[in-house]
There are 2 protein chains.
Amino acid sequence: MRAQPKGVVEQDHCATPDIATQEQLLNAAGELMIERGVPDVSLSDIAAKSGLNSALVRYYFGNKAGLMVALLRKVLHPAMLQLEHLSEMKLPPQDKLRIHISGIVNVYFRHPYVNRLMHQLLSDDAATFGSLIAEEFSKPVADAQKQILQEGIDAGIFRPVDPLLFYFHIVGACDQFFYGRYQLKHVFGLDSISEDLKRRFVDHLYKVVIGGISRRTERGDGAND
Amino acid sequence: MRAQPKGVVEQDHCATPDIATQEQLLNAAGELMIERGVPDVSLSDIAAKSGLNSALVRYYFGNKAGLMVALLRKVLHPAMLQLEHLSEMKLPPQDKLRIHISGIVNVYFRHPYVNRLMHQLLSDDAATFGSLIAEEFSKPVADAQKQILQEGIDAGIFRPVDPLLFYFHIVGACDQFFYGRYQLKHVFGLDSISEDLKRRFVDHLYKVVIGGISRRTERGDGAND
């Protein structure tokens, strides 16, 4: 466990060995998490899957937690950029909400382990990863949602909705759908989520949520409360 | 690891030693899962927490998986009974939906690990636990939801909604809220979920969902699709 990883790396003479090797390790880790259905994979499993030495993980990422954070940054980077652009776009709030829901669903569709991976890091070491995960990944999502909800309220389209409750509602629904593949199989008899089913999930969630937070719904539903 | 647990048990001469000891082990396992935020706890940790010998787990439950199934049965039993009664009750579908959402939320409020525990069992051994978990815990929930949705459609109150998408939506939202305590803390600055916050989550989820699946919403929202 105290090998000299430097020596291992120096055997590689490709033009961009570092980035290619790091990608290879991160891809192997992500694939294992999808195959196993849990985010807790060992360094030796990642090494075996990637065909590389586990000492390379220590060389590039320090330890398994370092690799997990790097994996989150890699797979969430495009979505975080999209989220920034969305906030600045001049669009009706209901359109922003649909784009946002579609964006979250697409992340979970390709990387269904991200939520559980964050949770695993937090369970392992909340003191180290609590603010990192909150600042880099969770708060930008919560802030974007809060802004969209406020824009809808200001435009007289949405009723007031607690952004905290809204955050867990949306993230939880998406996470469960894409991570719950065993339930999908054993309860509903489906082996995987197709592009069509993914699209129908976006439509379902958007339609229920937009119907449920729009002002006209609140008035219509008043008799039931 | 190959101790004779019979010998250990026979030292206990209480009137109902078996049930009390089993409860003690199950309670210890559940408390550990809440403390750690992950459902993967070891037999020795459960033994230490309960003050009992880990051989007792093998004696009563066979192995850790057996204890986990017993824990699920114990904590979900009241909710499964309530679900049966709900299906038979003569109530408007929207009232049944509110009672159902409130019932799920109350389970997660007290036992926030149940969903992840099922997932852990399925990840460990889907062949053994896939149909057990589906038949005992997941399908009754999915079936009850399907029935409530159909009653609402038949009464002309709800629009058609895919029960599969609805299942993951509701279960995921509830699971995330109660299991995401690190996100609650680091993103929103809250240490725990109070009775009041729990009640507000039920209100939020019910109000959004009932607004989003009611017929009058569909007509009102048609312009956005």
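Everything below is about the structure shown above.
A. Just the nonpolar core, in detail. The biggest cluster of nonpolar side chains holds 148 residues, and the ones touching the most others in it are Phe-177 of chain A together with Phe-177 of chain B. Every residue in contact with Phe-177 of chain B, bar those within four places of it in the chain, is listed here: Leu-164, Leu-165 and Phe-168 of chain A together with Leu-184, Ile-193, Leu-197 and Phe-201 of chain B.

B. Main features of the interface of chain A and chain B. Facing the 63 residues of chain A at the interface are 63 residues of chain B. Surface buried jointly by chain A and chain B totals about 5500 Å² across both partners, of which 63% is contributed by carbon and sulfur atoms. For chain A, the biggest contributors to the area lost against chain B are Leu-165, Phe-168 and Lys-207 of chain A; these three give 12% of the whole. For the pair chain A and chain B, the interface holds two salt bridges. We note a salt bridge from Arg-200 of chain B to Asp-162 of chain A, for which the minimum N-O separation is 2.8 Å. Viewed at the interface, chain B and chain A are joined by 13 residue pairs in polar contact (both at pLDDT 80 or more). Secondary-structure elements contributing two or more residues to the side of chain A that touches chain B are helix 6 (93-110), helix 7 (114-124), helix 8 (126-154), helix 9 (163-179), helix 10 (181-188), helix 11 (195-213) and helix 12 (215-221) of chain A. For the side of chain A that touches chain B, the per-class residue count stands at 30 nonpolar, 20 polar and 13 charged.

C. How the structure looks around the state of the cysteines. All told, the structure shown has zero disulfides over all chains when counted by the stated rule. Looking at the unpaired Cys-174 of chain A, the closest cysteine sulfur is the one in Cys-174 of chain B, lying at 14 Å. The exposure class assigned to Cys-174 of chain A is buried, which follows from its relative accessible area of 0%.

D. View of the relation of the copies chain A and chain B. Overlay of chain A on chain B (RMSD 0.0 Å): rotation 180°, translation along the axis 0.0 Å. The symmetry that links the two subunits is that of a two-fold axis. By residue overlap, the copies meet face to face through one surface: 100% of the interface positions of chain A are interface positions in chain B.

E. Spatial organisation of the pattern of salt bridges. Under the criterion given, the structure shown has 30 salt bridges over all chains. As a salt-bridge pair, Asp-175 of chain A and Arg-116 of chain A come within 2.9 Å of each other at their nearest N and O atoms. Taken together, the residues Asp-175 of chain A in helix 9 and Arg-116 of chain A in helix 7 connect sequence positions 59 residues apart. For Asp-175 of chain A, a relative accessible area of 1% translates into the label buried. In this structure, a network of salt bridges that share partners links the residues Arg-98, Asp-196, Arg-199, Arg-200 and Asp-203 of chain A together with Asp-162 of chain B.

The rules behind these values
- Residues numbered from 1 in each chain as written.
- Chains lettered and ligands numbered in written order.
- Predicted model: local features only at pLDDT ≥ 70, side-chain atom pairs only at ≥ 80, totals over all residues.
- Heavy atoms only, no water.
- Core = buried A, V, L, I, M, F, W, Y, C linked by side-chain atoms within 4.5 Å.
- Buried < 20%, exposed > 50% of the residue type's maximum accessible area, 1.4 Å probe, protein only.
- Contact = heavy atoms within 4.5 Å.
- Buried area = accessible area lost by both parts, 1.4 Å probe.
- Salt bridge = Lys/Arg side-chain N within 4 Å of Asp/Glu carboxyl O.
- Polar contact = N/O pair within 3.5 Å; in protein donor to acceptor, adjacent residues only side chain to side chain.
- Helix = DSSP H or I, 4+ residues; strand = E, 2+ residues; numbered from the N terminus.
- Nonpolar A, V, L, I, M, F, W, Y, C, P; charged D, E, K, R; others polar.
- Disulfide = S-S within 2.5 Å.
- Least-squares fit on C-alpha atoms with pLDDT ≥ 70 in both.

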